[in-house]
Amino acid sequence: MTTLIAYRVAPNTEHRAAGELRQAGIRAYVPRDRTRKRSPFTGKHPSPAPGYVFAETAYCPAFEKHVKGRIGIVRKDDLSRLYLAKPAIPPAPPRLALGDAVVITQGPFQSRTGTIIEDRGHTYRVDIAQAGKISSVALHENLIARFIKDG
């Protein structure tokens, strides 16, 4: 079981503190959250443990610039749990098909029902009955929902 020593550092100076430890000949670790974008300023991923750096051995320099103080001992296995997995992508809702009955949820035709006659990607062409005639209307997928009959 490998153990690491946790050090407290000033906010946003984790990488500088790790560099200070490496200059002293100590292997230092800064956990990174690879699910988030890199910083446009530093080009590095943000840390899931901001304000902390982990090292393999004790560090007692006479002049500490970035490393503020020793916190305690952490198992390396516990540190590996800080690395976050990429979030699972939720499954896409089932797309509407030609001939499906839909209800319009927003807009001037709200609460009217119709039938899909054309699929244009995110927009659907829907036939609705209006004043005894059938009218064709183009609607975005956010404005319609599948019509479910009661009973």
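Residues numbered from 1 in each chain as written. Predicted model: local features only at pLDDT ≥ 70, side-chain atom pairs only at ≥ 80, totals over all residues. Heavy atoms only, no water.

A. Highlighting the sheet that holds strand E9 (residues 144-146). Strand order in this open sheet of 5 strands is E8-E7-E6-E5-E9, and the pairing throughout is antiparallel. Each edge of the open sheet is held by one strand with a lone partner, namely strand E8 (133-140) and E9. Adjacent strand axes in the sheet meet at a mean angle of 45° when their direction is disregarded. Bridge count for strand E5 (residues 101-104) against E9 is 3 bridges, and the pairing is antiparallel. In the sheet register, Val102 faces E9, and the bridge partner there is Arg146. (Pairing = 2+ DSSP bridges. Helix = DSSP H or I, 4+ residues; strand = E, 2+ residues; numbered from the N terminus. Axes fitted to C-alpha atoms, helices over the stretch in contact; angles between N-to-C directions.)

B. The nonpolar core, seen in detail. With 12 residues, the main nonpolar core is built from Ile5, Tyr7, Val9, Ala17, Ala18, Leu21, Ile26, Ala28, Val30, Val53, Ala55 and Val67. For Ala18, the residues in contact, after removing those within four places along its chain, are Ala28, Val30 and Val53. Listed in part, the 10 residues of the second largest apolar core include Ile104, Val137, Leu139 and Ile144. (Core = buried A, V, L, I, M, F, W, Y, C linked by side-chain atoms within 4.5 Å. Buried < 20%, exposed > 50% of the residue type's maximum accessible area, 1.4 Å probe, protein only. Contact = heavy atoms within 4.5 Å.)

C. Structural view of the pattern of salt bridges. Considering all chains together, one arrives at 5 salt bridges under this definition. In this structure, Glu56 engages Arg27 in a salt bridge whose closest nitrogen and oxygen atoms are separated by 4.0 Å. Placement of the pair is Glu56 in the loop between strand E3 (52-55) and strand E4 (67-75) and Arg27 in the loop between helix H1 (14-23) and strand E2 (28-29), with a sequence separation of 29 residues. Here Arg27 falls in the exposed class, since its relative accessible area comes to 53%. (Salt bridge = Lys/Arg side-chain N within 4 Å of Asp/Glu carboxyl O.)

D. Expanded view of unusual backbone geometry. One non-glycine residue, Ser111, adopts positive backbone phi at about 70°. Its place among the elements puts Ser111 in the loop between E5 and strand E6 (113-120). In this structure, Ala131 is a non-glycine residue whose phi angle is positive, near 55°.

E. Fine view of the side chain of Asp100. For Asp100, the location among the structural elements is in the loop between helix H2 (76-80) and E5. Its relative accessible area of 18% is what places Asp100 among the buried residues. A distance of 2.8 Å separates polar atoms of two side chains, one belonging to Asp100 and the other to Arg146. Those residues in contact with Asp100 that lie beyond four places of it in its chain are Gly114, Thr115, Ile116 and Arg146. (Polar contact = N/O pair within 3.5 Å; in protein donor to acceptor, adjacent residues only side chain to side chain.)

All we've got here are geometric facts, nothing functional implied.
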